[in-house]
Amino acid sequence: ELSHKLFEWRAGVDTRYWDGKVVPEKGRVLIYEKKKPGLAQKVQTTLEQAGYTTDTIHYGHYQKDEFREKLRQCELAVVLSQRETQGIALAEMWAMRVPTLCWESFATEFNGIVVPSSACPYLTSQTGWRWRTIQELEQVLSWYQRRFFQPRKWVESNMSHLTSATLLCELFDYLDFRRLQGTV
């Protein structure tokens, strides 16, 4: 059985670089598109019809300085990704005090087999909300108020470099203890 041999560890983000120094423009939304261009167009149309101004970043086609500068200006990000393992870009958004509305299919196809997955594995009520359809996105946008969220606080407690390094050291200590007991 593998369950006692698997451990979760979140890679951290540099909260000094992703410094949270933002001056968001009211109504500006960043669309983070990762291999979902058709959905990105529908989301952009939906956001603009609701009165938002949009910018789009395409996964794999931006520099981190550009990403950070766009995050400084937006009040919200809409994330379109089929699946994430660590969600580093999400943590970078949260460190910049940008809440996320994440499209979530809850499954992905892998070698012809549909398997459970998540586009936002560490999303919490402090960092954002999930949605599945354009109608759900419209509903979530009608409820949205930036003051509901504290994404940077969550990152500082759960996904900063310091927190992640501490967790990794604790994991090594635990594994060393188990090795000494002969249970590894």
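As shown above, the structure is provided for reference.
Note that the structure is a prediction, hence the values are computed from the model and not measured. (Residues numbered from 1 in each chain as written. Predicted model: local features only at pLDDT ≥ 70, side-chain atom pairs only at ≥ 80, totals over all residues. Heavy atoms only, no water.)

S.K.: Tell me about the side chain of T108, and name the residues and values.
M.R.: Of note, T108 is situated in strand β5 (residues 107-110). Overall, T108 belongs to the buried group, its relative accessible area being 7%. Excluding residues that lie within four positions of it along the chain, T108 makes contacts with Q82, R83, I113, V114, V115 and S117. (Helix = DSSP H or I, 4+ residues; strand = E, 2+ residues; numbered from the N terminus. Buried < 20%, exposed > 50% of the residue type's maximum accessible area, 1.4 Å probe, protein only. Contact = heavy atoms within 4.5 Å.)

S.K.: Please give an account of the pattern of salt bridges that cites residues and values.
M.R.: Under the defined criterion, the tally for this structure stands at eight salt bridges. The residue R16 makes a salt bridge to D14 at a minimum N-O spacing of 3.4 Å. For R16, a relative accessible area of 69% corresponds to the exposed category. On the basis of relative accessible area, D14 is assigned to the partly exposed category, the value being 24%. The salt bridge involving R28 is made with D55; its shortest N-O contact spans 2.7 Å. Of this pair, R28 sits in strand β1 (residues 28-34) while D55 sits in strand β2 (residues 53-58); the two residues are 27 residues apart in sequence, bridging distant segments of the chain. This pair shows no difference in class: R28 is buried, exactly as D55 is. (Salt bridge = Lys/Arg side-chain N within 4 Å of Asp/Glu carboxyl O.)

By themselves, these are just geometric observations and shouldn't be taken as functional.
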